[in-house]
Amino acid sequence: MTGFVCESVGFRYATKDGSIDALQDVSFAAGGHEIVSVVGPSGCGKTTLLKLLAGILDPTAGAIRFSPDLNGSRPKRALVFQDHGVFPWLTVVDNVAFGLEMQGVGAAERRARARRFLERVGLEDFADRHPHELSVGMRQRVGIARAFVSDFPILLLDEPFGALDAQTRLLLQEELLGIWQGERKLAVFITHDIEEAILLGDRVLVMSGRPGKILEEIPVPLPRPRALAAPDRPEVTEIKWHIWHHLEKEARRQLSIPD
Amino acid sequence: MILGALALWEILVRIGLLSPLYFPPPTAVGRRLWELFVDGTYPDHGRVTLSRMGFGLLVGTSLGFLMGVAMGRSAPLRRILDPIIGALYPIPKIAILPLIMIFLGIGESSKLFVIALGAFFPMLISTLTGVIHIPSIYFEVAATYGSGPLALLRRVILPASLPTVLGGFRIALNSAIHITIAVEIVSAVTGLGSLVWFSWETLDVEKLYATLTVIAVLGVVTTHGVNRLSQKLVPWRT
């Protein structure tokens, strides 16, 4: 089973005024075909956590163990960024095929696979356009398409809908649920949106402000496949307010709004 | 506008307000230009100038680009080389021609070296700037998808820095034209620069104007070509 375990992971970085702990003692495990949502106030180290999982950064304390880990060959992780993650100089189809290209898949085959996926999500008319001709929401769909087409077992999503308006966000959440339902992978979904975390995740990890720690792990009792209306149930509303009470303090502190 | 100015010039010379000794009438310059074109003078010397410039440009910008990428990606290399470049760049390249001639002799190679050097620095500095300013997210995307160094260069570094690199190429082109003409003026018997100098020595003012016109046209045409090429190579916006 594909998965990973974070064991007391910490990340500390140096600034000119000393060092800052971005993450402290983060421990959790994930595996199989689940979506783990991570929700927390801005600046809590969510993105740092994702970069550690992606291998862009290395933990300064603790360790992340992947399975299977055959002589250091770990399951590949595709990272979807909040914004600007697609290359402006590549056409949409070449952006989507980028992961395959880096894996050494030939031009004809990788383009065919990218086109098939674009057709599936209804983006085929934009295959030969450049990203600047697309809306922000469409660019995010291209980034997500690239991650799925690359067919890596682990998907890391860093607030992929954070920069979108509410309506666009709903549609893309629905689309992501649909794609994931068809191609299940292990996914870690970072967000600051509590409802989004609940809608998408099988579990929600709630993080505190800096240094980022995991305050609580909350299972989401919603069956799959899920629809956008799924979180409207009373027991989910309860979870939502429960998470909010965790985050409220930090949010107030950041805005200097007294309790 | 230009035609109007030329017409005014022509009239001022004809009615005697401007001396043809300093300002030969445009018609006379034009006639002279045509004669020197038909008798092969400009095509022959132009070819010499263009091939010197082209060679220097090619070698200088290629090396400038490679070194710019290397410095852009390596902070230690930047720390070592930045002060050296800072010291060498402002020296007018024509001023080191005598020194280079001591090493390489008075033949073609010292000229080409100095021209290449003139193209090298603007290309190096533009490439360096372009590479340093590539948003780190592009490197992160490439890293998560497992890009090797060659794929990184070809698919990320080169295209991401291309707009700045092309800007540098344009400056390098102008720099190569300047230095080629200057080198030809001081040390060559062929090329458009040498014609400028001979025209002065023989006080052939019409030929002087005609040759400067040819050089100006050369600059306009090559710059236009580079601009067209830029638009073709960069069809995206960031």
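For the structure itself, look to the data block above.
Let me sum up the structure you'll find in this document. (Residues numbered from 1 in each chain as written. Chains lettered and ligands numbered in written order. Predicted model: local features only at pLDDT ≥ 70, side-chain atom pairs only at ≥ 80, totals over all residues. Heavy atoms only, no water.)

1. Remarks on the overall build of chain A
Rules: Note on conventions: DSSP H or I runs of at least 4 residues are helices, E runs of at least 2 residues are strands, and numbering of each starts at the N terminus. In this setup the radius of gyration rests on C-alpha atoms only. A globule is expected at 2.2 Å times the number of residues raised to 0.38. What makes two residues a contact is simply this: any of their non-hydrogen atoms within 4.5 Å. In this description, accessible areas are obtained by the Shrake-Rupley approach with a 1.4 Å probe, and a residue is regarded as covered only by the protein chains that are shown.
If you tally the helices and strands in chain A, you get eight helices and nine strands. Taken over the C-alpha trace, chain A has a radius of gyration of 19 Å; the compact-globule value for 259 residues is 18 Å, and the two agree within 12%. Taking the principal axes of its C-alpha atoms as reference, chain A extends roughly 55 × 45 × 40 Å. Summarising the internal contacts of chain A: among those between residues at least 6 apart in sequence, 70% fall at separations of at least 24. Counting every atom, chain A has about 11,600 Å² of accessible surface; 51% of that belongs to carbon and sulfur.

2. Let's talk about the overall build of chain B
Applied cut-off: Exposure categories follow from relative accessible area, calculated using a 1.4 Å probe and restricted to protein chains: below 20% of the type maximum is buried, above 50% is exposed, and the middle band is partly exposed. Counted as positive: Lys and Arg. Counted as negative: Asp and Glu, with His and the chain ends omitted from the count. To locate a charge, take atom NZ for lysine, CZ for arginine, CG for aspartate or CD for glutamate.
Of the regular secondary structure elements, chain B holds ten helices and zero strands. Helices and strands in chain B line up, N terminus first, as α-α-α-α-α-α-α-α-α-α. Expected size for 238 residues packed as a compact globule is a radius of gyration near 18 Å; at 22 Å, chain B overshoots this value by more than 25%. Overall, the C-alpha framework of chain B stretches about 75 × 45 × 30 Å when taken along its three principal axes. Expressed as a percentage of its 238 residues, the buried residues of chain B come to 44%. In chain B, once contacts between residues fewer than 6 apart in sequence are set aside, the share between residues at least 24 apart is 71%. Here chain B contributes 17 positively and 11 negatively charged side chains, and the mean placements of these two sets differ by 14 Å.

3. Description of the sheet that holds strand E8 (residues 203-207) of chain A
Residues and elements named next belong to chain A. The line we're drawing: Pairing between strands is defined by DSSP: at least two bridges between the two strands are required. Axis lines are fitted through C-alpha atoms, for helices just across the contact stretch, and the angle between N-to-C directions can take any value from 0 to 180 degrees.
Strands sit in the order E5-E6-E7-E3-E8-E9 across an open sheet of six strands; the sheet is mixed. Of all strands in the sheet, those with a lone pairing partner are strand E5 (77-80) and strand E9 (214-219), marking the two edges. Averaged over all pairs of adjacent strands, the angle between strand axes in this sheet comes to 15 degrees, irrespective of strand direction. Relative to strand E7 (residues 186-191), strand E3 (residues 35-39) runs parallel, the two sharing five bridges. Bridge pairing in E7 places serine 37 opposite phenylalanine 189. Sitting on the sheet, helix H8 (residues 234-255) touches E3, E8 and E9, and the angle it makes with E9 is about 175 degrees.

4. What about the environment of aspartate 202 of chain A?
Residue and element names in this part refer to chain A. Topologically, aspartate 202 is positioned in the loop between helix H7 (194-200) and E8. For aspartate 202, a relative accessible area of 23% corresponds to the partly exposed category. What aspartate 202 contacts, discounting residues up to four positions off in sequence, is Glu34, Ile35, Trp180, Pro219, Val220, Arg224 and Arg226.

5. Details of unusual backbone geometry
Omega for the bond connecting arginine 210 of chain A with proline 211 of chain A falls within 30 degrees of zero, at -5 degrees, which places this linkage in the cis form. By secondary structure assignment, the location of proline 211 of chain A is in the loop between E8 and E9. For the peptide bond that leads from arginine 224 of chain A to proline 225 of chain A, omega is -5 degrees, which places it in the cis range. One non-glycine residue, glutamate 159 of chain A, lies in the positive phi region at around 40 degrees. Relative to the helices and strands, glutamate 159 of chain A resides in the loop between strand E6 (154-158) and helix H6 (166-182). A residue is classified by how much of its surface remains accessible, and glutamate 159 of chain A, at 11% relative accessible area, is buried. Not every positive phi belongs to a glycine, and leucine 203 of chain B is a case in point at roughly 50 degrees. Note that leucine 203 of chain B resides in the loop between helix H9 (192-201) and helix H10 (205-233).

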